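Residue strings, one per chain:
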Amino acid sequence: MLTIALSKGRILEQTLPLLKKAGLKIADAELNSRKLILDTNLDDVKVIVIRATDVPVFLQHGAADIGIAGKDVLLEHGANGLFELLDLGIAKCKLMVAARDEGKLKQSTLKIATKYVNSAKRHFEGKNQQIEIIKLYGAMELAPVVGLAHCIVDLVDTGNTLKANGLVPLEHIENISTRLVVNAASFKTKNVQIKSWVQAIEKNL
Ligand code: AMP
């Protein structure tokens, strides 16, 4: 049995067609049900659809063999016990520092609103900047506008959300896209099965 963990939300819509091209189909009735473990067209493959941030956790504990998650999530969580095998090239965006203007970054202690606490720490530690992190779970763009933080660290795609809130992208931290990762132990024990799926997906990218 192979268990594949998919990230809910915008990644899911773009992942399903890739799986379908590789021969793995999930019926709409399964996707629209409230079931948490979904059957596929193959008896030996199950799919779980979970929050993106939980995908590396399920994989690391061996509760899933293959996972699909954004590089932002993998960077933030850490990839101990996981192998990143494919860049699926979907949900591309950039992890960036943004503020109302460049001057706002010149602080003795820079207040940063983000959900990417570890990535933000790594970035600013590399610049020897003293920081205070304010962890948020959404609407990061609001923080500098209401004076909660000097800047944010967040994903930027078109830049429209920043613009609409009077913010500008200032520093690039990472290029982000969706990755296929595997549990390192599963990769040994189910090597043939995992490799054939990875190859089938890669062939259709
Ligand atoms: P945009 O206005 O196109 O720059 O999109 C920015 C908003 O969408 C921010 O709230 C981001 O957190 C979110 N976002 C952009 N790209 C992604 C992505 N690939 N995955 C998840 N969230 C994203």
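Each value, and the rule that gives it
- Residues numbered from 1 in each chain as written.
- Predicted model: local features only at pLDDT ≥ 70, side-chain atom pairs only at ≥ 80, totals over all residues.
- Heavy atoms only, no water.
- Core = buried A, V, L, I, M, F, W, Y, C linked by side-chain atoms within 4.5 Å.
- Buried < 20%, exposed > 50% of the residue type's maximum accessible area, 1.4 Å probe, protein only.
- Helix = DSSP H or I, 4+ residues; strand = E, 2+ residues; numbered from the N terminus.
- Contact = heavy atoms within 4.5 Å.
- Phe/Tyr/Trp six-rings, centres within 6.5 Å; stacked < 30°, edge-to-face > 60°.
- Pairing = 2+ DSSP bridges.
- Axes fitted to C-alpha atoms, helices over the stretch in contact; angles between N-to-C directions.
- Near = heavy atom within 4 Å.
- Polar contact = N/O pair within 3.5 Å; in protein donor to acceptor, adjacent residues only side chain to side chain.
- Areas by Shrake-Rupley, 256 points an atom, 1.4 Å probe, with all protein chains shown as cover.

S.K.: Tell me what's going on with the nonpolar core, and back it up with residues and numbers.
M.R.: Counting residues in hydrophobic clusters, the biggest one holds 27 residues, and the most contacted among them are Leu6, Val47, Ile66, Leu88 and Leu180. Breaking this core down by element, the ones donating at least two residues are strand 1 (2-7), helix 1 (10-21), strand 3 (45-50), strand 4 (66-70), strand 11 (178-183) and helix 9 (191-203). If one sorts the elements of this core by residue count, helix 9 sits on top with 5 residues. Ignoring anything within four residues of it in the chain, the contact list for Leu180 reads Ile66, Gly67, Ile68, Phe83, Glu84, Leu85, Leu86, Leu88, Val198 and Ile201. Core analysis: the second largest hydrophobic core is formed by 15 residues, Leu75, Val97, Ile112 and Ile173 among them.

S.K.: Kindly report on the packing of aromatic side chains, identifying the contributing residues and their values.
M.R.: Enumeration according to the criterion identifies 1 aromatic pair in this entry. The interplanar angle of 80° and the centroid separation of 5.8 Å between the aromatic rings of Phe83 and Phe187 together place this pair among those described as edge-to-face. Placement of Phe83 in strand 5 (residues 82-87) and of Phe187 in helix 8 (residues 184-189) is noted, with a sequence separation of 104 residues between them.

S.K.: Report on the sheet that holds strand 9 (residues 151-156), specifying residues and quantitative values.
M.R.: Sheet architecture is open: 5 strands sit in the order 8-7-9-6-10, paired in mixed fashion. A single partner strand is all that each edge strand has here, and the edge strands are strand 8 (131-135) and strand 10 (168-176). Pairwise comparison of adjacent strand axes, ignoring direction, gives a mean angle of 25° for this sheet. Bridge analysis of strand 6 (residues 93-99) against strand 10 gives 7 bridges, and the strand direction is antiparallel. Residue Cys93 lies in a different strand from strand 10, and its bridge partner there is Ile176. Packing against the sheet, helix 5 (residues 117-125) makes contact with strand 6, strand 7 (110-114), strand 8, strand 9 and strand 10, and its axis sits at approximately 165° to strand 8.

S.K.: Give a description of the site of the ligand that names residues and reports values.
M.R.: As a structural note, the neighbourhood of the ligand is formed by Arg10, Ala91, Cys93, Glu141, Asp154, Leu155, Val156, Asp157, Thr158, Gly159, Asn160 and Thr161. One of the backbone nitrogen or oxygen atoms of Asp157 is found 2.8 Å away from an oxygen atom of the ligand. Here the ligand has 490 Å² of accessible area as a free molecule, and 77% of this is covered by the chains. Elements with a minimum of two residues in the shell around the ligand: strand 9 and helix 7 (160-164).

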